[in-house]
Amino acid sequence: MKDSKSVLVVGGGIAGIQASLDAADRGFKVYLVEKTPSIGGRMAQLDKTFPTMDCSICILAPKMAECYRHSNITLLTYSEVQDAKGSIGNFEVAVLKKARHVKEDKCVGCGICTEKCPVKVPNEFEMGLADRKAIYMPFPQAVPRLTTIDEENCLFFQKGTCRVCEKLCEAGAIDFDEKPEEIVLNVDAIILATGFDVFNPKAITAYGYGKYKNVITAMELERLICASGPTDGYILRPSDGKEPESVVFIQCVGSRDQRYNPYCSSICCKYAIKDAVLIREHHPEIDTYVFYIDLRAFGKGFQEFANRSKEEYGINYIRSNPGEIREDPITQDLTIWYEDTLTRTIKPLTVGLVVLCTASIPRPDNKKLSELIGVELDDLGFFRASHDIDHPVDLTVPGVYGCGFCLGPRVGDIPHSVMQAGAAVARMSEELAGMEEA
Amino acid sequence: MKYAFFIGCLVPARELSYEFAARKILPTLDVELVDMHGANCCAPFGIQSLDYISWLALATRNLCIAEEMGLDILALCSDCYESLLMTNTILKENSDIKGQVNEVLSEIGKEFKGEIEIKHMIDVLYEDVGPEKIKNAVVTPLTDLKVATQPGCHLVRPKMLHFGSVGGYDELDELVRATGAEVIDYDGKEICCGGPIRDTFDKYSRSLINQKIKAMKKANVDCAVTICPFCFLQLDLGQREIQTRFKEELNLPIFHFPELLSIALGFKLTDPQIRDHRISINHILEKYNGYEVSS
Amino acid sequence: MSKSEDTESRTHDSSHDTKLMHIVAHTPRGKGILDCIQCGRCTSSCPMARQTSRYNPRRLMEMITIGLKEEVLSNTPWYCLSCFTCVDKCPQGADVGEVIFAIRNIAAREGHIPPGIKAQGGNIIDTGKISNPTKSILKQRQEMGLPEIEPSDTEELLKILRKTGFDKIIGHK
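Residues numbered from 1 in each chain as written. Chains lettered and ligands numbered in written order. Predicted model: local features only at pLDDT ≥ 70, side-chain atom pairs only at ≥ 80, totals over all residues. Heavy atoms only, no water.

Visitor: Would you mind going over the interface of chain B and chain C in detail, with residue names and values included?
Guide: At the junction of the two partners, chain B supplies 62 residues and chain C supplies 58 residues. Across the chain B/chain C interface, buried area totals approximately 5200 Å², and carbon plus sulfur atoms make up 66% of it. Summed over the shared surface of chain B and chain C, the number is six salt bridges. The closest approach of N and O atoms between B:Glu103 and C:Lys163, which form a salt bridge, is 3.5 Å. Counting across the interface, chain B meets chain C through 20 residue pairs in polar contact (both at pLDDT 80 or more). Residue assignment for the side of chain B that touches chain C shows that the elements contributing at least two residues are α1 (10–14), α2 (16–28), α3 (45–50), α4 (52–69), α6 (95–105), α9 (160–163), α11 (202–218) and α14 (271–275) of chain B. Here the residues of the side of chain B that touches chain C sort into 33 nonpolar, 14 polar and 15 charged. (Contact = heavy atoms within 4.5 Å. Buried area = accessible area lost by both parts, 1.4 Å probe. Salt bridge = Lys/Arg side-chain N within 4 Å of Asp/Glu carboxyl O. Polar contact = N/O pair within 3.5 Å; in protein donor to acceptor, adjacent residues only side chain to side chain. Helix = DSSP H or I, 4+ residues; strand = E, 2+ residues; numbered from the N terminus. Nonpolar A, V, L, I, M, F, W, Y, C, P; charged D, E, K, R; others polar.)

Structure below.
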């Protein structure tokens with residue numbers, strides 16, 4: 001018999017963090033598994049949150065730290081679920097802890113290793129807009145606060161040379177011999193919180209993403225506009241590092257599109273309003289345009305925020321789904337051809353930077369988890385609820401719950417992810433208590 | 001590789017050099033062409049605009065002829081290709097429409113069975129022959145020749161209605177590169193030549209030609225390559241019309257792709273072929289020794 | 001651009017035919033009309049819409065749904081290039097370029113056919129082809145050693161086209 005109930009939470013974004021904290025506060029023993037080196041997820045990458053314009057990391061970082069400190073939470077970062085069996089009240093889950101090659105109990109996060117590492121690779125956290133090293137901390141507020149060696153790019157693992165980090169580390173934390181470790185956990189319940197991926201807009205060739213440097217995605221813009229991002233919060237174009245005179249947001253790129261993702265991603269209109277306002281706050285001289293099909297600013301405070309963005313910040317809204325973007329090969333400015341469907345005029349608009357608000361799509365990992373745990377996916381690849389109305393956070397296997405965007409584009413924003421996390425923990429407690437009574 | 005050769009109406013009536021070059025080079029690349037006896041017009045967009053079943057019945061009559069020959073069809077014209085491909089696909093996919101069309105064709109004792117496939121010359125050159133084989137057959141590589149390709153609409157669209165999203169233009173570009181020439185990108189490559197409205201709205205048709213030629217010239221190409229008689233007519237004859245009408249010197253040579261391939265494979269263009277061009281191609285022929293001096 | 005081209009389409013003085021959308025939706029190429037969400041991607045991509053404000057495929061789809069039959073069946077659909085860029089770009093699979101053919105077919109039955117298209121139809125009935133060689137071309141073919149052009153079996157074609165009613169549509173005697 002176990003002393004207290006336990007839960008495995010998969011995914012260390014805001015939904016998984018909140019579910020872990022809520023469960024831990026209720027006395028559950030929590031194992032929070034995160035596949036990247038740090039918890040934080042998408043929310044850590046955002047600059048501000050809509051519609052209140054709160055600093056995203058300022059809300060998130062204390063929660064991350066609390067996860068680390070909480071006596072009921074075991075953080076398993078850089079780890080992935082390998083196998084699962086059993087049923088509610090008695091799941092056996094195998095978790096593979098990948099070799100970080102940096103000892104958790106020794107590294108103090110001083111950063112000397114990162115500074116001296118000679119290998120540069122695109123920084124995932126900065127959406128490739130900056131480089132990181134082969135030994136790295138994903139971002140300054142990372143939890144746990146320690147570095148990780150990325151074997152695929154490390155000179156030692158690839159060519160058997162270098163070992164500079166090992167020589168310089170005063171704490172003696174570097175361990176090239178560390179092997180991956182499999183941990184078997186016995187848990188009463190599982191909460192899945194795998195979040196979302198960003199649709200790659202290269203598929204829509206007419207918009208030229210990947211071909212034109214100044215066509216970027218909204219996640220990339222989040223890093224550009226962030227004061228701790230690669231440009232210190234200045235909007236600078238990837239092509240020449242200069243400030244654009246105008247910025248365009250295009251909605252529904254790969255969402256509400258029968259060929260890619262038929263659904264509305266539910267967050268893009270709102271973050272585009274937020275980002276456009278942020279641009280005007282940082283650079284009042286930059287003109288901003290939002291191309292939309294239907295401006296879906298539903299929810300508490302959003303329509304008001306949209307209205308303010310027009311009236312106070314002078315954001316231009318154009319009801320159109322542009323047909324194509326062309327680049328001027330000399331200036332690298334971009335010309336967008338569009339019909340203003342409200343005035344029925346067809347014209348080009350030339351701007352310095354285009355931001356594609358791309359669909360939020362299911363993580364590919366969902367498929368593997370669904371196979372291991374036995375929960376169903378919906379037609380889109382998100383986790384299917386056992387009943388969308390009665391039990392919206394219960395998945396199709398008893399004792400397994402979901403929260404956040406991995407449930408699909410319901411209301412995929414942060415407050416709703418937090419709510420769903422609470423709901424998942426409440427449902428789990430209820431069902432496990434029911435088992436005891438029976 | 002043996003195909004029923006669907007020549008269409010426009011090519012044999014107006015673009016003899018295209019036909020001549022295709023008949024010459026395809027066999028040398030082991031593609032055998034068998035002429036289709038009694039074929040009628042493919043029923044392109046103009047006819048499609050008038051009546052759905054009439055379109056399908058006219059196109060299907062041609063398909064039946066190829067079925068009787070037991071051969072897949074090779075089309076030179078993108079409009080023929082589109083009409084025949086769409087018809088073949090619709091009838092294979094929809095038994096109700098197939099029934100309606102076969103009822104019409106029973107009047108002349110023909111029946112669509114669904115036994116053949118439709119290919120554009122470019123499909124055959126790319127899939128059956130392949131750029132590698134062409135590269136190996138080249139005797140006069142068209143080195144330093146900067147080419148704008150005009151893939152046109154109906155080779156690439158609207159195939160997606162039945163075959164999912166189609167990427168586009170890589171096949172033609174790769175075949176042009178196989179001749180040793182360089183393919184240069186230009187603005188509006190995917191845009192229509194204006195051919196379909198040549199008779200109905202000539203002003204806009206000309207404006208589309210003008211924009212296309214200007215974009216090609218802006219990209220500093222030596223010539224452009226087409227794979228559709230309508231595109232050729234527009235870019236070549238249409239270009240001369242613009243030159244005459246607006247006293248504007250454009251002078252961008254336009255080639256049918258098989259002509260360019262001929263030169264690369266060592267066949268010189270003949271006098272009547274060269275006369276088919278309203279915009280002079282002579283300086284390019286001289287550079288690549290592609291001009292056969294008539295006796 | 002001329003003054004008349006800039007004027008708004010004449011929506012106010014036309015009667016609304018609420019059945020139009022259903023008629024279009026029930027033709028083989030017109031189903032897409034039901035999927036249109038009026039996002040404007042078609043018009044934003046349309047090469048013809050950039051030449052003249054008289055042609056706007058999104059507006060044409062809107063006019064079908066509203067039932068502005070007179071505008072829809074007048075010369076508007078004949079501006080379409082049939083380049084199918086809209087079909088390629090439409091995020092909803094509304095196949096705008098296909099719907100154009102559906103309404104052209106309806107227009108043709110009501111007698112709205114541009115002369116050039118009507119001539120193509122006549123040529124098919126008379127010769128089996130829409131484009132026929134001139135005498136000098138025939139001579140040039142000989143000179144080049146190209147095979148003779150076979151005449152089409154116009155009797156057979158006439159049987160087909162009478163059966164489909166094509167001859168009546170184009171008013172061929």
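Read on for the rest.
Visitor: How would you sum up the sheet that holds strand β6 (residues 79–87) of chain A? Please name residues and give values.
Guide: The strands making up a sheet associate through hydrogen bonds between their backbones, and the pairing can be parallel or antiparallel. All names here are of chain A. The antiparallel open sheet is built from three strands, whose spatial order is β6-β7-β12. A single partner strand is all that each edge strand has here, and the edge strands are β6 and β12 (181–187). Taking the axes of each pair of neighbouring strands and ignoring which way they run, one obtains an average angle of 20 degrees across the sheet. Sheet topology places strand β7 (residues 90–97) next to β12; seven bridges connect them, and they run antiparallel. The partner of Ala94 across the bridge, within β12, is Val184. (Pairing = 2+ DSSP bridges. Axes fitted to C-alpha atoms, helices over the stretch in contact; angles between N-to-C directions.)

Visitor: Give a detailed account of the domain arrangement of chain B, specifying residues and quantitative values.
Guide: The parts lose accessible area when they come together, and the size of an interface is often stated as this lost area. Residue and element names in this part refer to chain B. The domain architecture assigned to chain B consists of domain 1 (2–120) and domain 2 (139–287). For domain 1 versus domain 2, the distance between C-alpha centres works out to 24 Å. Taken together, the 27 residues of domain 1 in the interface contact 26 residues of domain 2. With both chains or domains summed, domain 1 and domain 2 bury close to 2500 Å², and 69% of this area falls on carbon and sulfur atoms. The interface formed by domain 1 and domain 2 holds zero salt bridges in total. When residues of the side of domain 1 that touches domain 2 are traced back to their parent elements, those giving at least two are α1, α2 and α5 (78–93). Looking at the side of domain 1 that touches domain 2, its residues break down into 16 nonpolar, five polar and six charged. (Domains from an automatic or database assignment.)

Visitor: Lay out the pattern of salt bridges with the relevant residues and their values.
Guide: Enumeration over the complete set of coordinates arrives at 58 salt bridges over all chains. When the shortest N-O distance is used, the salt bridge between B:Arg61 and C:Glu156 registers 2.9 Å. In this pair, B:Arg61 sits in helix α4 while C:Glu156 sits in helix α10 (residues 154–164), so the two residues belong to two different chains. With respect to class, B:Arg61 is no different from C:Glu156; both count as buried. Across the pair C:Asp17 and C:Lys69 runs a salt bridge, and its minimum N-O distance is 4.0 Å. Note that C:Asp17 is positioned in the loop between α1 (3–6) and α2 (20–25) and C:Lys69 in helix α5 (residues 69–73), a separation of 52 residues in sequence. We classify C:Lys69 as partly exposed; its relative accessible area is 24%. (Buried < 20%, exposed > 50% of the residue type's maximum accessible area, 1.4 Å probe, protein only.)

Visitor: Could you give an account of the interface of chain B and chain A, naming the residues involved and the relevant values?
Guide: If you look at the interface, chain B gives seven residues, while chain A gives four residues. Of the roughly 380 Å² buried between chain B and chain A on both sides combined, carbon and sulfur atoms contribute 33%. Linking chain B to chain A there are two salt bridges. Ionic pairing is found between B:Asp187 and A:Arg326, a salt bridge with its closest N-O pair at 3.3 Å. Between the two partners, chain B and chain A, sit one residue pair in polar contact (both at pLDDT 80 or more). Class assignment of the residues belonging to the side of chain B that touches chain A gives a composition of two nonpolar, two polar and three charged.

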